[in-house]
Amino acid sequence: MSRRRTLSTKKKLVLLVSAAAVAGGGAFALAATSNAASVQNAASSTVCQGLATAFGNNEKFIADQRAAPDAQSEARIANREAVLAQIKVQQEASGCEVGESAQDSQTDTPPAASVPPAAAPEETAPAEDTGADAGAGAATGEQVCNGSTVTLSGEAGAPAASSNQFPAGTKLKVTNLDNNKSTTVEVTATSGSCALLNNAAFELVREPGKFLIRNARIERVG
């Protein structure tokens, strides 16, 4: 007559605890993997949104030039079409939808000409350099375009900006309030937003991996 081996109560308890530990470890690993994927997806979404905004702003600029052309419109349009091609390359490299377009959702303030001028302090002369300013926290000019975001045009060359608010030659100080970096640049062209920075200028104030500055301060200093 055969006898079945029975486990003592103590051994059963040990086996149950071991099984629970294994199951708990698996759940922890799955949770960690899920959190890492969520962070990566959020970062990718931010990059894609920034590129789409840059694409949309450049598209709007081209449409505006075609709607009201002047002697320089053809050259400007050709330049911006090259910018759009470069943004498509960046979208593909970042895993974004190529050609995705989204214009800046923020509402710009009226042109400076229609805003009553503020009393300017005596020392309002802009810094001549175009590098990152050391004292980004202190205002040096008249704050303009409140609530506007800042993105990049994709254009090469020395640090510069384009704007739909200010004429060529205007000096703008752009501060990224998220990292307290700022740069003073000259407006050299027209665009579809208050301040659109070229690649060199944007690199001076950007946060790594981001193509859009949502928390920005824009000042007219010249």
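In the block above lies the structure referred to throughout.
Predicted model only: the values in this text are computed from it and were never measured.

## Examining the state of the cysteines
Then, number 1: Tallying each qualifying case throughout the model produces two disulfides.
Then, number 2: Between the sulfur of Cys48 and that of Cys96 lies a disulfide, 2.1 Å long from S to S. Judged by the sign of its S-S torsion, about -90°, the cystine formed by Cys48 and Cys96 is left-handed. With Cys48 in helix H1 (residues 9-67) and Cys96 in the loop between helix H2 (73-93) and strand E1 (132-133), the pair connects residues that are 48 residues apart, well separated along the chain. Judged on exposure class, the residue Cys48 and its partner Cys96 are both buried.
Then, number 3: Bridging Cys145 to Cys194, the disulfide has an S-S length of 2.0 Å. Handedness of the Cys145-Cys194 disulfide follows from its S-S torsion of about 85°: it is right-handed. In this pair, Cys145 is assigned in the loop between strand E2 (142-144) and strand E3 (150-152) and Cys194 in the loop between strand E6 (181-190) and strand E7 (196-197), connecting sequence segments 49 residues apart.
Then, number 4: Look at Cys194 and you get buried, because its relative accessible area is 1%.

## Some thoughts on the pairing of E6
Then, number 1: As paired strands, strand E4 (residues 161-163) and E6 are joined by three bridges and run parallel to one another. Residue Ser162 lies in a different strand from E6, and its bridge partner there is Ala189.
Then, number 2: Here six bridges tie strand E5 (residues 171-176) to E6, and the two strands are oriented antiparallel to one another. Within E6, the residue paired with Leu172 across the bridge is Val185.
Then, number 3: Here E5 folds back onto E6, and the loop between the two strands holds four residues, one of which, Asn180, carries a positive phi near 65°.

## Digging into unusual backbone geometry
Then, number 1: Positioned with a positive phi, Cys145 is a non-glycine residue whose angle comes to about 50°.
Then, number 2: Unlike most non-glycine residues, Asn180 shows phi in positive territory, near 65°.
Then, number 3: Structurally, Asn180 can be placed in the loop between E5 and E6.

## Concerning the nonpolar core
Then, number 1: Among the nonpolar cores identified, the biggest contains 31 residues, and Val150, Leu197 and Ile218 are the most heavily contacted of them.
Then, number 2: Put simply, the parts of the chain that give this core at least two residues each are H1, H2, E3, E5, E6, helix H3 (199-205) and strand E9 (216-220).
Then, number 3: For this core, the element with the most residues is H1, which contributes six residues.

## A few points about the packing of aromatic side chains
Then, number 1: All told, the structure shown has zero aromatic pairs when counted by the stated rule.
Then, number 2: Across the ring face of Phe61, the terminal group of Arg80 is positioned such that the distance to the ring centre comes to 4.1 Å.

## Regarding H2
Then, number 1: If you check H2, its first and last C-alpha atoms are 30 Å apart, about what 21 residues at 1.5 Å a residue would give, namely 30 Å.
Then, number 2: Of the residues making up H2, those classed as buried are Ser73, Ile77, Arg80, Val83, Leu84, Ile87 and Gln91. All buried residues of H2 project into a common sector of 115° when viewed along the axis, lining one side. The exposed set on the far side of H2, more than 90 degrees from its buried face, consists of Glu74, Glu92 and Ala93.
Then, number 3: Taken from the residues just after H2, Gly95 is the one with a positive phi, measuring 75°.

Cut-offs and rules
- Along each chain, numbering runs from 1 in the same order as the chain's sequence is written.
- Local features in this predicted model are restricted to residues whose pLDDT is 70 or higher, and side-chain atom pairs enter the listing and the counts only when it is 80 or higher, whereas totals over whole chains, interfaces and linings include all residues.
- Excluded from the side-chain calculation are hydrogens and water; included are all heavy atoms of the structure.
- Disulfide: a pair of cysteine sulfur atoms within 2.5 Å of each other.
- Secondary structure is summarised from DSSP: a helix means a run of H or I of at least four residues, a strand means a run of E of at least two, and numbering begins at the N terminus for each.
- Relative accessible area decides the class of each residue, using a 1.4 Å probe on protein chains only: under 20% of the type maximum gives buried, over 50% gives exposed, and in between gives partly exposed.
- Here the rule is simple: two strands pair whenever DSSP picks up at least two bridges between them.
- To qualify as a nonpolar core, a set must consist of buried Ala, Val, Leu, Ile, Met, Phe, Trp, Tyr and Cys residues joined through side-chain atoms within 4.5 Å.
- Pairing of aromatic rings covers Phe, Tyr and Trp, the last through its six-membered ring, and needs centres within 6.5 Å; plane angles under 30 degrees mean stacked, over 60 mean edge-to-face, and all others mean tilted.
- The rule for a charge over a ring is simple: NZ of Lys or CZ of Arg within 6 Å of the ring centre, and within 35 degrees of the ring normal.
- Here the expected length of a helix is defined as 1.5 Å per residue gap, with one fewer gap than residues.
- This arc is taken over the directions from the axis of the helix to the C-beta atoms.

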